[in-house]
Amino acid sequence: MLISIIIPVYNVEKYLEQCVMSFIMQIDNNKRGDVEIILVDDGSTDKSGRLCDELMKKYPNIIKSFHKKNEGLLMTRRYGYKVSRGMYIINCDSDDFVETNLLSSLSPFLDGINDVIIYNMYKYQEGRKSFYTKNVFGCKRKKTILKADCIKELFKSYDVTSLCCKAFKRSCLELEKDYSLFSNLNYGEDTLQSVEVYSNAQNIVYLNECLYNYRVQNGMTYKFREDYYWQFKQVLLEMKKNNLLLEIDNFEDLYSEKLWEIVARAITQSRYELDYNKNENIQYLKKIRNDSEVQKYISNFYKIRKNLKRQYIFLLTLFIKKQYTLLWFFLYLRNKV
């Protein structure tokens, strides 16, 4: 078995068939023994689980359907990895779909030598495509990437973070690693597992082609989760345990840059919580400001702030100086505008 396509499924009856068929249409009869599609139903409450079984009956030589109790995306993917048999893993979220040339474009690189092949993504919204990532490591169609450069990019942007933007060897996974402590993650799980993959890879290739369609639902950006910072902090602290990362030049600066970007996002998101009054919003900001990890990297903020978005610099400067009322007022005005 050469390729295992892992598709975690949860309440996506509207999109699942399009997702699966975007792969099926690329698998000709001669290669059906080389590719398996693994559907893992994470306790769906709609018709998604039944649809998984129907697709398996229709394509029994390609599709395998599994059902498990609801544990979230991270644990569902890990389940899929463990039951897979392919040398290479391709991830796809069940409400997304891939380009018609994904498998043919990747095929020359799935040679047993390359450990990870990174590719670009489209953003798909209301039937229109736009570039989500491109020219991440330059304009060449193919480029060999140093592991250190890849991990640095993981900290500096989200261009190589998604598990859906890369094919990688199954051997890059630590399949027996216990991730149960992170089963509640809604944020940062791709970052957590990408670190694992990149750390265990030797040969990394960047293929400068858009091969994946990331579906953006209307209103998805405008959500507030009070635990956003705290979930990402879990991930960051776990990453700090990785000795390989600690050996990278300027790791503390890269880590600090990531931390402050997450804090800035947590601040910005708070303006979408319309049920918060002024005092509740300020208490939310104070709780993050008083966190030990934030306190530890305040001095480093002034060193790395030039690498952050201008808007983030403004917000974080107010935040660090404890200008909570002014910060709240700015967010309030943004909502009004």
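Treat the numbers as computed from the prediction; the structure is a model and nothing was measured. (Residues numbered from 1 in each chain as written. Predicted model: local features only at pLDDT ≥ 70, side-chain atom pairs only at ≥ 80, totals over all residues. Heavy atoms only, no water.)

(A) Layout of the packing of aromatic side chains. Per the counting criterion, the structure on display carries 19 aromatic pairs. Aromatic side chains F137 and Y206 sit 5.4 Å apart centroid to centroid with 70° between the ring planes, which places their arrangement in the edge-to-face category. Of this pair, F137 sits in the loop between β7 (128-131) and β8 (142-145) while Y206 sits in strand β10 (residues 204-215), and the two are 69 residues apart along the sequence. Exposure remark for F137: the relative accessible area of 12% places this residue in the buried category. A centroid spacing of 5.3 Å and a plane angle of 25° characterise the contact between W328 and Y332, whose relative ring orientation is stacked. Here the residue W328 and the residue Y332 both occupy positions in helix α14 (residues 324-336), the gap between them amounting to 4 residues, near one helical turn. (Phe/Tyr/Trp six-rings, centres within 6.5 Å; stacked < 30°, edge-to-face > 60°. Helix = DSSP H or I, 4+ residues; strand = E, 2+ residues; numbered from the N terminus. Buried < 20%, exposed > 50% of the residue type's maximum accessible area, 1.4 Å probe, protein only.)

(B) Up close: the side chain of S22. Examined against the element boundaries, S22 turns out to sit in helix α1 (residues 16-24). Of note is the side chain of S22, whose polar atom sits 3.3 Å from the backbone nitrogen of V98. Setting aside residues up to four positions removed in sequence, S22 forms contacts with F97 and V98. (Polar contact = N/O pair within 3.5 Å; in protein donor to acceptor, adjacent residues only side chain to side chain. Contact = heavy atoms within 4.5 Å.)

(C) Main features of the packing of α1 against helix α2 (residues 48-58). Closest axis-to-axis distance for the α1/α2 pair is 11 Å, and the angle between their directions is 30°. When the interaxial angle is binned, α1 and α2 end up roughly parallel. Pair α1 / α2 crosses with right-handed handedness. Residue-level inspection shows L16, E17 and V20 of α1 in contact with α2, the latter providing S48, L51, C52 and L55. For the contact of α1 with α2, a count of residues per class yields 5 nonpolar, 1 polar and 1 charged. (Axes fitted to C-alpha atoms, helices over the stretch in contact; angles between N-to-C directions. Parallel < 35°, antiparallel > 145°, perpendicular 65-115°, else oblique. Left-handed = near helix turned anticlockwise from the far one by under 90°. Nonpolar A, V, L, I, M, F, W, Y, C, P; charged D, E, K, R; others polar.)

(D) Just the side chain of Q26, in detail. Inspection of the secondary structure puts Q26 in the loop between α1 and β2 (35-42). A polar side-chain atom of Q26 sits 2.7 Å from the main-chain carbonyl oxygen of E99. Excluding its chain neighbours within four sequence positions, the residues that come into contact with Q26 are V98, E99, T100, N101, L102, L103 and S104.

(E) Expanded view of the pattern of salt bridges. As enumerated under the stated definition, the model contains 21 salt bridges in all. The partner of E54 in a salt bridge is R50, and the shortest N-O contact between them spans 3.8 Å. Remark: R50 and E54 occur in helix α2; sequence separation between them is 4 residues, near one turn of the helix. Given the relative accessible area of 42%, E54 is considered partly exposed. (Salt bridge = Lys/Arg side-chain N within 4 Å of Asp/Glu carboxyl O.)

(F) Region of interest: the packing of helix α6 (residues 189-199) against helix α7 (residues 228-239). Viewed as axis vectors pointing N to C, α6 and α7 meet at an angle of 15°, and their least axial separation amounts to 9 Å. It follows from the interaxial angle that α6 and α7 lie roughly parallel. Classified by chirality, the crossing of α7 by α6 is left-handed. Here T191, L192 and V195 of α6 lie close against α7, whose contacting residues are F232, V235, E238 and M239. Taken together, the residues of the contact of α6 with α7 break down into 5 nonpolar, 1 polar and 1 charged.

(G) How the structure looks around unusual backbone geometry. For N11, which is not a glycine, the phi torsion comes out positive at approximately 50°. Using a relative accessible area of 29% as the deciding quantity, one classes N11 as partly exposed. Notably, K322 is not glycine yet its phi reads approximately 60°, a positive angle. Mapped onto the fold, K322 is located in the loop between α13 (310-320) and α14.

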